[in-house]
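Here is what each chain is made of, one letter per residue.
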Amino acid sequence: MDAVRRIAVVTGAGSGIGRSVAVALAAAGWSLALAGRRAEALEGTAGLVRASAGTSAGASSGASAGASSGASAGGAAREVLCVPTDVTSPEEVAALFAAVRDRYGRVDLLFNNAGSFAGGGTPVEDLAPETWRQVVDVNLTGAFLCAQAAYRQMKEQSPRGGRIINNGSISAHVPRPHSVAYTATKHAITGLTRSLALDGRAYGIACGQIDIGNAATEMTRRMEEGILQANGTLAPEPVMDAADVARTVVHMASLPLEANIPFVTVMATGMPYLGRG
């Protein structure tokens, strides 16, 4: 695969895990399409990709704009396309994958990463229906829409096939207190992963899921200060570098399509996972 250009779409690429994964994929030789709601955040990620590749080339923004390219550490051209996208919108997701198709001609990898923790910390009885819908729309419907668009492209392109990696969570296994919307959607992502992996077999489409625990991002900063535990107490929790997650995604993505990692858990070693609940 190193002899040909490989194209990866990363959603939620403007910060956190999405940003770390984008930088790691570029370093491994992938050309990128970065999707997220905020254009300036996507440009920030593209800047980090350029810096890691040792190039001063600029990245473009927008569904119809051209992408920038620069020399990577390995000497081959790596390109970055920034496409501001609301993954809850079927029209914007369609525009994202149309832009990728127009620029690159194919999709080899989707890292389905965009997510929301809205309502986290709210007891079940107080969770507003509109907050529930917001989390479901982003975490589940958005993941489905992106996977569907990638699946369609991978099925029709030549050579056929590709890989989808869904960002699950430790919460796909066990919940935190007061996280009913987030936990329900992450359990549902597991069903999405299993169905995509099964239905994709006939078309050379592999699907796997990475369940992440306490990666150091903006969303997990509060864990180091103290977060509600199952016994009602507040306690700080250890975190790990998001780069450790990124290395795992790159490994999953680097496998030939004849091999798949359906599920993998990467977590801070000392976090209360096995004893949680």
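Source: prediction; values computed, not measured. Residue numbers run consecutively from 1 along every chain, following the written order of its sequence. Per-residue local features are limited, in this predicted model, to residues with pLDDT of at least 70; the limit for side-chain atom pairs, both in listing and counting, is 80 or more; totals at the level of whole chains, interfaces and linings are taken over all residues. With hydrogens and water excluded, all non-hydrogen atoms of the structure serve as input to the side-chain values.

Here's the deal with the overall build of the protein
Next up, step 1: What counts as a helix is a DSSP run of H or I of at least four residues, what counts as a strand is a run of E of at least two, and both are numbered from the N terminus. A count of helical and extended segments in the protein gives 6 helices and 11 strands.
Next up, step 2: Remark: exposure states derive from per-residue accessible area (1.4 Å probe, protein chains only) relative to the maximum for the residue type, with buried under 20%, exposed over 50%, and partly exposed in between. Counting all 277 residues of the protein, 49% fall into the buried class.
Next up, step 3: Total accessible area on the protein is roughly 12,000 Å²; 53% of this is exposed by carbon and sulfur atoms. To be clear on the numbers: accessible area is Shrake-Rupley with a 1.4 Å probe, and residue cover counts the displayed protein chains and nothing else.

Here's the deal with the packing of helix H4 (residues 129–156) against helix H5 (residues 180–199)
Next up, step 1: At a minimum axis distance of 9 Å, the contact between H4 and H5 shows a crossing angle of 15 degrees. In terms of orientation, H4 and H5 fall into the roughly parallel class. The handedness of the crossing between H4 and H5 comes out as right-handed. Of H5, the residues touching H4 (which contributes Trp132, Val135, Val136, Asn139, Leu140, Ala143, Phe144, Ala147 and Tyr151) are Val180, Ala181, Tyr182, Ala184, Thr185, Lys186, Ala188, Ile189, Leu192, Leu196 and Asp199.
Next up, step 2: Charged means Asp, Glu, Lys or Arg here, nonpolar means Ala, Val, Leu, Ile, Met, Phe, Trp, Tyr, Cys or Pro, and polar covers whatever is left, Gly included. Residue composition of the contact of H4 with H5, grouped by class: 16 nonpolar, 2 polar and 2 charged. Lines fitted to C-alpha atoms define the axes here, with helix axes fitted over just the stretch in contact, and angles between the N-to-C directions of these axes take values from 0 to 180 degrees. In this scheme, roughly parallel covers angles under 35 degrees and roughly antiparallel covers those over 145, while 65 to 115 is roughly perpendicular and the rest are oblique. The crossing is said to be left-handed when, going from far helix to near helix, the turn is anticlockwise and less than a right angle, and right-handed when the turn is clockwise. Residue contacts are counted whenever heavy atoms from the two residues lie within 4.5 Å of one another.

Considering the pattern of salt bridges
Next up, step 1: Note on definitions: salt bridges are taken to be side-chain nitrogens of Lys or Arg within 4 Å of carboxyl oxygens of Asp or Glu. Using the criterion set out here, one finds 5 salt bridges in the structure.
Next up, step 2: Members of the salt-bridge network, linked through shared partners, are Arg5, Glu79 and Arg103.

Some details on helix H2 (residues 39–53)
Next up, step 1: For H2, with 15 residues, the first-to-last C-alpha span of 21 Å sits near the 21 Å given by 1.5 Å per residue.
Next up, step 2: For H2, the full list of buried residues reads Ala41, Leu42, Thr45, Ala46, Val49 and Ala53. End-on view of H2: buried residues confined to an arc of 145 degrees, all on one side of the axis. Every exposed residue of H2 that faces more than 90 degrees away from the buried side is listed here: Glu40 and Ala51. What a helix should span is 1.5 Å times the count of its residues minus one. Directions pointing from the helix axis toward each C-beta atom define the arc.

Re the packing of helix H1 (residues 16–27) against H2
Next up, step 1: Between H1 and H2, whose axes approach to 9 Å, the crossing angle comes to 35 degrees. Crossing of H1 over H2 shows right-handed handedness. Here H1 contributes Arg19, Ala22, Val23 and Ala26 to the contact with H2, which in turn contributes Ala41, Gly44, Thr45, Leu48, Val49 and Ser52.
Next up, step 2: Of the residues assigned to the contact of H1 with H2, the class counts are 6 nonpolar, 3 polar and 1 charged.

Here we look at the nonpolar core
Soluble globular proteins tend to bury their nonpolar side chains together.
Next up, step 1: With 37 residues, the main nonpolar core has Leu25, Leu32, Leu34, Phe111, Ile165, Ile210 and Val245 as its most contacted residues.
Next up, step 2: Look past the residues within four positions of Ile210 in its chain and what remains in contact with it is Phe111, Ile165, Asn166, Asn167, Gly168, Ser169, Val245, Thr248, Val249, Met252, Val264 and Val266.
Next up, step 3: If you look at the next biggest cluster of nonpolar residues, it comprises 29 residues, including Ile7, Cys146, Met154 and Ile164. Side-chain atoms within 4.5 Å link the members of a nonpolar core, which is a set of buried Ala, Val, Leu, Ile, Met, Phe, Trp, Tyr and Cys residues.

What to know about a nonpolar patch on the surface
Next up, step 1: Residues enter patches when their relative accessible area tops 30% and they take part in no salt bridge; the joining distance is 9 Å for like charges and 5 Å for the nonpolar side chains Val, Leu, Ile, Met, Phe, Trp and Tyr. On the surface, a cluster of nonpolar side chains totalling about 250 Å² of accessible area is made up of Val124, Trp132 and Val180.
Next up, step 2: Looking at where Val180 falls in the secondary structure, it is placed in helix H5.
Next up, step 3: Note on Val180: relative accessible area 33%, which makes it partly exposed.

Some words on the pairing of strand S7 (residues 162–167)
Next up, step 1: Burial of S7 is extensive: 6 of the 6 residues sit out of reach of the surface.
Next up, step 2: Neither face of S7 is left uncovered, since the one carrying Gly162, Ile164 and Asn166 and the one carrying Arg163, Ile165 and Asn167 both have all their residues buried.
Next up, step 3: We call two strands paired when DSSP finds no fewer than two bridges between them. Summarising the sheet, strand S6 (residues 109–112) and S7 pair through 4 bridges and their orientation is parallel. Within the sheet, the bridge partner assigned to Phe111 lies in S7 and is Ile165.
Next up, step 4: With the strands pointing away from the viewer, any crossover whose connection runs clockwise from the first strand over the helix to the second is right-handed. Each parallel crossover has a hand, and the one from S6 via H4 to S7 is right-handed.
Next up, step 5: The parallel pair S7 and strand S8 (residues 205–213), bridged by H5, forms a crossover whose chirality is right-handed.

A few points about the layout of surface pockets
Next up, step 1: Residues are called lining when one of their atoms sits within 4 Å of a cavity or pocket point, these points coming from a 1 Å grid over the protein atoms alone, where a cavity is a set in which a 1.4 Å probe fits but cannot get out and a pocket is an open set with protein on both sides within 12 Å along at least five of seven lines. Grid points are joined across faces, edges and corners, and a volume is the space filled by probe spheres set on the points. If you add up the space inside the largest pocket, you get close to 1,000 Å³.
Next up, step 2: Along the wall of the largest pocket there are 43 residues; nearest its centre are Asn113, Ala114, Gly115, Ser116 and Met219.
Next up, step 3: Among the secondary structure elements, those contributing two or more residues to the lining of the largest pocket are H1, strand S2 (30–36), H4, H5 and S8.
Next up, step 4: The dominant element in the lining of the largest pocket, judged by the number of residues it contributes, is H1, at 3 residues.

A closer look at the side chain of Thr248
Next up, step 1: Structurally, Thr248 is set in helix H6 (residues 242–254).
Next up, step 2: Classification of Thr248 as buried rests on a relative accessible area of 18%.
Next up, step 3: Of the polar contacts made by the side chain of Thr248, one reaches the backbone oxygen of Asp244; its length is 3.0 Å.
Next up, step 4: Excluding residues within four positions of it along the chain, Thr248 makes contact with Ile210, Val264 and Val266. What qualifies as a polar contact is a pair of N or O atoms within 3.5 Å, subject to a donor-acceptor requirement within protein and to the restriction that residues adjacent in sequence count only when both atoms come from side chains.

Focus on empty space enclosed by the protein
Next up, step 1: Tallied over the full model, the rule gives 3 cavities of 30 Å³ or more.
Next up, step 2: When its volume is computed, the second largest cavity comes out at roughly 40 Å³.
Next up, step 3: Around the second largest cavity, the lining residues are Thr11, Asn112, Asn113, Ala114, Val138, Asn139, Gly142, Ala143, Asn167, Lys186 and Ile189.
Next up, step 4: For the lining of the second largest cavity, the secondary-structure elements that each account for two or more residues are H4 and H5.
Next up, step 5: Across the lining of the second largest cavity, the residue classes tally to 4 nonpolar, 6 polar and 1 charged.

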